[in-house]
Amino acid sequence: MNLLLINGPNLNLLGKREPIFYGSAKLEAIEADLRREARQRGARLDCFQSNSEGALVDRIQAALEEQCDGVLINAGAYTHTSIAIRDALLAIALPFVELHMSNVYSREPFRQRSLLVDCAVGVVSGFGALSYSLALEGLLQYLRTSDAKIKSGYGLGS
Ligand code: DQA
């Protein structure tokens, strides 16, 4: 199983940025932990962060050329604004989980709107660095269950 983790703008500042919302762990540490967790569950995780919307779209599109099975995405502020990232996720047609470290539903009203969530397998919000692990767990369970359903013919009209 090959997975892709996408982090959007300002998440490179984790560890320094608004610790009340985002805790003290750095992005590199979160990525390293998640790569290890993925490996322990028999999956490979590729990690990418950018502050630029175009670079995020390019990286998502590149998944089309890879043997990628699913995506974890913390699109940061682009969650609330980016039709381009939504379209890229729809274009690659891979299952994805939206995640946030903070509980976006307890914050400003503009954070309570996501342009991605209605296309996502699910969303995890509010558990700090643990949101990444929970999202990984959810995506792996989803992929394994849907794979099993396809293999057994369940859901294919039989
Ligand atoms: C965030 C929440 C977003 O509203 C914000 O713009 C971020 C981080 C989170 O992880 O809680 O950059 O996605």
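Look up: the structure comes first, before these words.
Keep in mind that what you see is a predicted model, and the values were worked out from it rather than measured.

Looking at this model, I keep getting lost on the site of the ligand. Mind explaining?
As a structural note, the neighbourhood of the ligand is formed by Arg17, Tyr22, Asn74, Gly76, Ala77, His80, His100, Met101, Ser102, Val104 and Arg111. One of the side-chain nitrogen or oxygen atoms of Arg17 is found 3.0 Å away from an oxygen atom of the ligand. A distance of 2.9 Å is found between an oxygen atom of the ligand and a side-chain nitrogen or oxygen belonging to Arg111. The class makeup of the residues in the shell around the ligand is four nonpolar, five polar and two charged.

It is not clear to me how the side chain of Ser131 should be interpreted in this structure. Could you clarify?
Secondary-structure assignment places Ser131 in helix α5 (residues 130-152). Once residues within four sequence positions are removed from consideration, Ser131 is found in contact with Leu99, His100, Met101, Val124, Ser125 and Gly126.

Any chance you could explain the nonpolar core here in plain terms?
Nonpolar side chains tend to gather and get buried jointly when the protein is soluble and globular. With 23 residues, the main nonpolar core has Leu3, Leu14, Leu45, Leu72 and Tyr132 as its most contacted residues. Elements with a minimum of two residues in this core: β1 (2-7), α2 (27-40), β2 (44-49), β4 (96-100) and α5. Ranked by the residues each element gives to this core, the list is headed by α5, at six residues. Those residues in contact with Leu45, other than ones at most four positions away along the chain, are Leu3, Leu4, Leu5, Leu34, Arg35, Ala38 and Leu72. By size, the runner-up hydrophobic cluster in this structure holds 19 residues, among which are Leu4, Ile6, Ala88 and Leu89.

Could you clarify how one ought to interpret unusual backbone geometry in this entry?
A negative phi angle is the norm for most residues apart from glycine, just as the trans form is the norm for most peptide bonds. With a phi close to 75°, Asn10 is a non-glycine residue in the positive phi region. Considering the arrangement of structural elements, one finds Asn10 in the loop between β1 and α1 (19-22). Within the chain, Ala93 stands out as a residue other than glycine whose phi angle is a positive 50°. Tracing the backbone shows Ala93 in the loop between α4 (83-92) and β4.

Even after reading the chapter, I still don't get the packing of helix α3 (residues 53-62) against α4, so can you show me in this structure?
For any two helices packed against each other, one specifies the crossing angle of their axes together with the interaxial distance. At a minimum axis separation of 9 Å, α3 and α4 run at an interaxial angle of 5°. If you check the angle between α3 and α4, you find them roughly parallel. Along the contact surface, α3 presents Glu53, Leu56, Val57, Ile60 and Gln61, while α4 presents Ala84, Ile85, Ala88, Leu89 and Ile92. Of the residues in the contact of α3 with α4, the class split is eight nonpolar, one polar and one charged.

Rules of the game
- Residues numbered from 1 in each chain as written.
- Predicted model: local features only at pLDDT ≥ 70, side-chain atom pairs only at ≥ 80, totals over all residues.
- Heavy atoms only, no water.
- Near = heavy atom within 4 Å.
- Polar contact = N/O pair within 3.5 Å; in protein donor to acceptor, adjacent residues only side chain to side chain.
- Nonpolar A, V, L, I, M, F, W, Y, C, P; charged D, E, K, R; others polar.
- Helix = DSSP H or I, 4+ residues; strand = E, 2+ residues; numbered from the N terminus.
- Contact = heavy atoms within 4.5 Å.
- Core = buried A, V, L, I, M, F, W, Y, C linked by side-chain atoms within 4.5 Å.
- Buried < 20%, exposed > 50% of the residue type's maximum accessible area, 1.4 Å probe, protein only.
- Axes fitted to C-alpha atoms, helices over the stretch in contact; angles between N-to-C directions.
- Parallel < 35°, antiparallel > 145°, perpendicular 65-115°, else oblique.

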